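Structure assessment
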Amino acid sequence: MPDSQTASVAPRAWSIEQIPFDRIEHERIAGEDTWFYVLAAASFVESLADLYTHNLLDHMAGDSEASEWLRDRWEPEELQHGRALRRYVETVWPAFDWQAAFDGFCADYRPYCKTELLEPTRALEMVARCVVETGTSGLYGLLQQISPEPVLTVLVSHIRNDEVGHYKYFYHAFLRYRELERPSRWQVARVIRQRLAEIGQEDAYLALKNAYAVRNPGHPFSLDDFQRFQRIAGHWARAHYPYEMTVKMLVKPLRLPGVVNRLALPLLVHRARRVVAP
Ligand SMILES: [Fe+2]
Ligand SMILES: [Fe+2]
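Residues numbered from 1 in each chain as written. Chains lettered and ligands numbered in written order. Predicted model: local features only at pLDDT ≥ 70, side-chain atom pairs only at ≥ 80, totals over all residues. Heavy atoms only, no water.

Of regular secondary structure, the chain possesses 11 helices and zero strands. Taken from N to C terminus, the helices and strands of the chain fall in the order α-α-α-α-α-α-α-α-α-α-α. Buried positions account for 48% of the 278 residues belonging to the chain. Just so you have it, the chain exposes about 13800 Å², and 54% of that area is on carbon and sulfur atoms. (Helix = DSSP H or I, 4+ residues; strand = E, 2+ residues; numbered from the N terminus. Buried < 20%, exposed > 50% of the residue type's maximum accessible area, 1.4 Å probe, protein only. Areas by Shrake-Rupley, 256 points an atom, 1.4 Å probe, with all protein chains shown as cover.)

Here it is, written out as structure tokens:
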């Protein structure tokens, strides 16, 4: 992965119109409950990108390169992820009232997305963004590996490639601000650790809760349901999660000397396996 890249806005790699939703092989996925919840939850989180973009645009005010990239590239791509996943869910599970569940998710989740939750400096916020994009790259990389349905495989591989592109831009922006702000390795490590601990916490829980509530009227989503879901996800991840890529992306902002990196990587990959799929 290159250390830097320009912010130039190249043509997008794919668009929702190219996804052959009419060729979905319904019998391969329509009965798969876990897939329904994973895809619905992902579509909700992606569809909130406008909110994240505004928070970040505030944080990066005056940086025209980052602002242009966030507005012209990042936000449209994230929103397209949300639209495409929504369309997939609505095509396969037409009885599901996506909008009602999304509205519930927004009401629950918006309080967690305030600007003051961003990191205090831009370099550190870019590290936090790298962690988030590492998480999404890993998630869609996993879904691409285990997708039971060919149109879904195409869709999640496009999304996964976009997420890796987002990581690359945020890493490039981190390098720019690192020169100015000189964060210590410990500060960077703290942000990585903290963000890792937060990944998939309230957003995943609230997205699943709202999808469940709309799909199962009268049956409130319980902690047992969430834990059952986590067990299945852990089972999927055990065999197919892209651990090595994920760990490499995570530790990259630490800019460890090559030899330390080579020594630490196998240990970290081992640990990551135990954390993701204990
Ligand atoms: Fe995305
Ligand atoms: Fe992304």
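Back to the write-up after that little detour.
This part is about unusual backbone geometry. One non-glycine residue, R182, lies in positive phi territory at about 50°. Position of R182 among the secondary structure elements: in the loop between α6 (150–181) and α7 (185–198). Overall, the relative accessible area of 55% leaves R182 in the exposed class.

Looking at the chain, the pLDDT average stands at 88 and 89% of residues meet or exceed 70. At the low end of the mean pLDDT range in the chain sits helix α11 (residues 258–276), at 68; at the high end sits α6, at 97. Confidence over residues 1–7 falls short of pLDDT 50; this stretch has 19 contacts with residues more than four positions distant or in other chains. (pLDDT = per-residue confidence, 0-100. Contact = heavy atoms within 4.5 Å.)

For the rest of this paragraph, the subject is the coordination of the iron ion (ligand 2). Around the iron ion (ligand 2), the donor atoms from the protein are E78 (OE), E133 (OE), E163 (OE) and H166 (ND1), and they sit 1.9 to 2.3 Å away. Classification of the site at the iron ion (ligand 2) rests on its four donor atoms, whose angles at the metal span 90 to 139°, yielding the label irregular. Between consecutive donor residues of the iron ion (ligand 2), the sequence gaps follow E-x54-E-x29-E-x2-H. (Donors = N, O, S within 2.8 Å, 3.2 Å for Na, K, Ca; no water. Tetrahedral: all angles 85-135°; square planar, octahedral: opposite > 155°, others 65-115°.)

Before going further, it helps to spend a moment on the packing of aromatic side chains. Counted under the stated rule, the structure contains 21 aromatic pairs. For the pair F44 and W98, a centre-to-centre distance of 5.6 Å together with 65° between the ring planes defines the contact as edge-to-face. One end of the pair, F44, is in helix α1 (residues 33–47); the other, W98, is in helix α4 (residues 98–109), and 54 residues separate them in sequence. Across this residue pair, the class does not change: F44 and W98 are buried. Residues F221 and F226 carry aromatic rings whose centres are separated by 6.3 Å and whose planes lie at 70° to one another, so their mutual orientation is edge-to-face. By relative accessible area, which is 14% here, F221 ends up buried. An aromatic cluster of at least three residues, connected via ring pairs, comprises F36, Y37, W93, F96, Y205, Y212, F221 and F226. We note R215 situated over the ring of F36; from NZ or CZ to the ring centre the distance is 4.0 Å. In this arrangement the basic side chain of R215 is found over the ring face of Y37, its NZ or CZ atom lying 5.8 Å from the centre. (Phe/Tyr/Trp six-rings, centres within 6.5 Å; stacked < 30°, edge-to-face > 60°. Lys NZ or Arg CZ within 6 Å of the ring centre and 35° of its normal.)

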